[in-house]
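Residue-level structural notes
Each chain is listed here by its residues.
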Amino acid sequence: MADRYTPFGLVEPGDRVTVEREPVLRDETVVSKGLVRRVRS
């Protein structure tokens, strides 16, 4: 998912995340990456 989303802060593999902003795609090509943030527990 790293090709479509930019992490906000430190996100480790296996962490639960929430999507803050969806990526913008055009013909399956990423125009603008989305943003994910780690869910704090």
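Here, every reference points to the structure presented above.
Residues numbered from 1 in each chain as written. Predicted model: local features only at pLDDT ≥ 70, side-chain atom pairs only at ≥ 80, totals over all residues. Heavy atoms only, no water.

**Let's talk about the overall build of the chain**
Check the secondary structure of the chain and you find zero helices and five strands. Listing every helix and strand of the chain by position from the N terminus yields β-β-β-β-β. Accessible area for the chain stands at about 3,600 Å²; split by element, carbon and sulfur atoms hold 49% of it. Taken together, the 8 basic and 7 acidic charged side chains of the chain have centroids lying 6 Å from each other. (Helix = DSSP H or I, 4+ residues; strand = E, 2+ residues; numbered from the N terminus. Areas by Shrake-Rupley, 256 points an atom, 1.4 Å probe, with all protein chains shown as cover. Lys, Arg positive; Asp, Glu negative; His and termini not counted. Charge placed at Lys NZ, Arg CZ, Asp CG, Glu CD.)

**Digging into the sheet that holds strand S1 (residues 5-8)**
Across the sheet, three strands lie side by side as S1-S5-S2; this open sheet has mixed pairing. With one partner strand each, in any of the chains shown, S1 and strand S2 (17-21) form the two edges of the open sheet. Pairs of neighbouring strands in the sheet enclose a mean axial angle of 35 degrees, with direction left out of account. Relative to strand S5 (residues 34-38), S2 is paired through four bridges, and the arrangement is antiparallel. Looking across to S5, one finds that Val19 is bridged to Val36. (Pairing = 2+ DSSP bridges. Axes fitted to C-alpha atoms, helices over the stretch in contact; angles between N-to-C directions.)

**Some remarks on the pattern of salt bridges**
Evaluation of the coordinates by the stated rule reveals two salt bridges. One salt bridge connects Arg4 with Glu28, and the closest N-O pair in it is separated by 3.4 Å. With a gap of 24 residues between them, Arg4 in the segment before S1 and Glu28 in the loop between strand S3 (24-26) and strand S4 (29-32) connect regions that are remote in the sequence. Residue Arg4 is classed as partly exposed on the basis of its relative accessible area of 29%. Arg37 is paired through a salt bridge with Glu20; the nearest N and O atoms lie 3.4 Å apart. You can see Arg37 sitting in strand S5 and its partner Glu20 sitting in strand S2, a full 17 residues away along the chain. Residue classification places Glu20 among the partly exposed residues on the basis of a relative accessible area of 44%. (Salt bridge = Lys/Arg side-chain N within 4 Å of Asp/Glu carboxyl O. Buried < 20%, exposed > 50% of the residue type's maximum accessible area, 1.4 Å probe, protein only.)

Shape descriptors only; they carry no functional weight alone.
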